[in-house]
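# Structural overview for review
Take a look at the letters that make up each chain.
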Amino acid sequence: VTPSMLCARAPTLGWTTRRARPVLIVRASSSSAAAAPEMRKIPNSKLFVSEPPPQWFGNESNPPKGSAPGWTNENWLKSRFHFSFAEYNTHKNADYGVLRVMNDDLVQPGRGFGTHGHANMEIVTYIVEGSLTHKDSMGISESLGRGSIQFMTAGTGVRHSEHNLDKANPLRFIQMWITPNAGGLAPNYGSHETSPDERKNGWCRLVGPVPGAGANAGTAPVQINQDAGISVAEIDAGRTLPLSVPAGRQAYLLCVEGSATDDAGGESLERHDAAEIKAGTELSLTAGSEGAHLLVVEMAERAGSGRKDL
């Protein structure tokens, strides 16, 4: 996969735009009043927040508060865990289908994750803000900015590091671990860059399965060893974007930036909030006054998916 490949529109995530009032509306169709919710909000307040000591990942001590330019958090890392991970260990929130990990990481200037290993996992990272520098044991070194996606098939084993080399600006990225359809795969790496126009007011499909591995296989700029896909969109204030989750599929939606309101349930969706979306759900997403930056992971439906602690 090369950065020159064009962003592909997701065939199951059709899009249109229209003017509307300045709130993000999520309309979920319902077959009956007694039916189970088809979209369930996961509020930011229910995410586990981790701020590990800098020495754990080979960093210098944190500077005194207010003394370092560009720092927006006192600790070098603030990570929001959507699922059980590291010191957050719970069987009630282990995964969502094949989506094993979603970590929303904020890394301060000049800090990062020292060299560490992975195996038997598809690791996909979406850069929201700043520049992420990746180096690995396959000899690859690359820096990527906002709107870029990178993947790593850890397979039989790979070691890598991830750093924010910018001394004046923080780095934010969403890292997702997706369970592969087989173990012992050959390690692999790839990336793809998108432009603001490609993400503007429409679903920009970034990730899909390798040929033969699932729905719309072999068509996405980045391809992984699982029947799953990832798309993003940046919606202008007052614009509407539909999201369809067909029968036999399910999705996990993240509000990366902006705010939202659930028209069906009356709950707000704000920055860092997420939602579990069931098969057969039709949503209509209208951006608020500051716009909306959304990321959706769609995958084959798995019975029993979803948090057990809400």
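The structure displayed is predicted, hence computed values, not measured ones.

Reading guide: rules and limits
- Residues numbered from 1 in each chain as written.
- Predicted model: local features only at pLDDT ≥ 70, side-chain atom pairs only at ≥ 80, totals over all residues.
- Heavy atoms only, no water.
- Helix = DSSP H or I, 4+ residues; strand = E, 2+ residues; numbered from the N terminus.
- Contact = heavy atoms within 4.5 Å.
- Areas by Shrake-Rupley, 256 points an atom, 1.4 Å probe, with all protein chains shown as cover.
- Phe/Tyr/Trp six-rings, centres within 6.5 Å; stacked < 30°, edge-to-face > 60°.
- Salt bridge = Lys/Arg side-chain N within 4 Å of Asp/Glu carboxyl O.
- Buried < 20%, exposed > 50% of the residue type's maximum accessible area, 1.4 Å probe, protein only.
- Pairing = 2+ DSSP bridges.
- Axes fitted to C-alpha atoms, helices over the stretch in contact; angles between N-to-C directions.
- Core = buried A, V, L, I, M, F, W, Y, C linked by side-chain atoms within 4.5 Å.

Right, let's talk about the overall build of the protein chain for a bit. The number of helices and strands found in the protein chain is one helix and 23 strands. Taking contacts inside the protein chain between residues at least 6 apart in sequence as the whole, the part at least 24 apart equals 78%. With the model as given, the accessible surface of the protein chain reaches about 12800 Å², and the carbon-plus-sulfur share is 51%.

For the coordinates displayed, the defined rule picks out 10 aromatic pairs. Each residue in the set Phe48, Phe81, Phe85, Tyr88 and Trp177 is aromatic and connected to the rest through ring pairs, giving one cluster.

Let us now look at the pattern of salt bridges. Per the counting criterion, the structure on display carries 11 salt bridges. Ionic pairing is found between Lys200 and Asp236, a salt bridge with its closest N-O pair at 2.6 Å. In this pair, Lys200 is assigned in the loop between helix H1 (196-199) and strand E15 (204-209) and Asp236 in the loop between strand E17 (228-235) and strand E18 (240-245), connecting sequence segments 36 residues apart. The partly exposed category is assigned to Lys200, whose relative accessible area is 38%. With relative accessibility at 29%, the residue Asp236 sits in the partly exposed group. Salt bridges sharing common partners tie together Arg146, Arg199, Glu234 and Glu257.

Another aspect to go through is the sheet that holds strand E12 (residues 158-163). Across the sheet, which stays open at both edges, the four strands sit in the order E7-E12-E9-E10 with antiparallel pairing between neighbours. In this open sheet, the two edge strands, each paired with only one partner strand, are strand E7 (112-118) and strand E10 (141-144). Adjacent strand axes in the sheet meet at a mean angle of 20°, parallel and antiparallel pairs treated alike. Alignment of strand E9 (residues 132-136) against E10, held across four bridges, turns out to be antiparallel. Bridged to His134 within E10 is Glu142.

Before going further, it helps to spend a moment on the nonpolar core. Ranked by size, the top nonpolar core spans 30 residues in total, and within it Leu99, Met102, Met176 and Leu295 carry the most contacts. Among residues more than four places away in sequence, those in contact with Leu295 are Met102, Tyr126, Met176, Ile230, Ser231, Val232, Tyr252, Leu253, Leu254 and Val256.

Although it is not a glycine, Asn201 sits at a positive phi angle of roughly 55°. Among the structural elements, Asn201 can be located in the loop between H1 and E15. Since its relative accessible area comes to 9%, Asn201 is described here as buried. For His272, which is not glycine, the phi dihedral falls at a positive 85°. The topology assignment puts His272 in the loop between strand E20 (268-270) and strand E21 (274-277). Owing to a relative accessible area of 8%, His272 belongs among the buried residues under this scheme.

All right, on to the environment of Ile235 then. Relative to the helices and strands, Ile235 resides in strand E17. Its relative accessible area of 4% is what places Ile235 among the buried residues. Sequence spacing of Ile235 and Lys200 is 35 residues, and the spatial spacing of their C-alpha atoms is 5.9 Å. If sequence neighbours within four positions are ignored, Ile235 has contacts with Asn201, Leu241, Leu285, Ala287, Gly291, Ala292 and Leu294.

Turning our eyes to something else, we now look at the sheet that holds strand E13 (residues 171-178). Spatial ordering of the open sheet is given by E4-E5-E6-E13-E8-E11-E14, a layout of seven strands whose pairing is antiparallel. Pairing within the sheet leaves two strands with one partner each, and these edge strands are strand E4 (48-50) and strand E14 (188-192). Across this sheet, the average inter-strand angle for adjacent strands is 20°, counted without regard to direction. Pairing analysis gives five bridges linking strand E8 (residues 122-129) to strand E11 (residues 149-153), with the strands arranged antiparallel. Opposite Tyr126, over in E11, you have Ile149 as the bridge partner.

Our focus in this paragraph is the environment of His82. Position of His82 relative to the elements: it lies in the loop between strand E5 (77-81) and strand E6 (99-107). Looking at His82, the relative accessible area reads 1%, which means it is buried. For the pair His82 and Tyr96, spaced 14 residues apart in sequence, the C-alpha separation works out to 9.6 Å. When neighbours within four sequence positions are excluded, His82 is seen to be in contact with Leu47, Asn93, Met102, Asn103, Tyr252, Leu254, His272, Ala274 and Arg307.

Let us look at the side chain of Ser161. Its place among the elements puts Ser161 in strand E12. The exposure class of Ser161 is buried, given its relative accessible area of 8%. Contacts of Ser161, omitting those with residues within four sequence positions, involve Phe113, Gly114, Thr115, Thr133, His134 and Lys135.

Here Met138 lies in the loop between E9 and E10. Each C-alpha atom, one on Met138 and one on Val158, is 7.4 Å from the other, the two residues being 20 residues apart in sequence. If we ignore the near neighbours within four places in the chain, the residues touching Met138 are Met152, Val158, Pro187, Asn188 and Tyr189.

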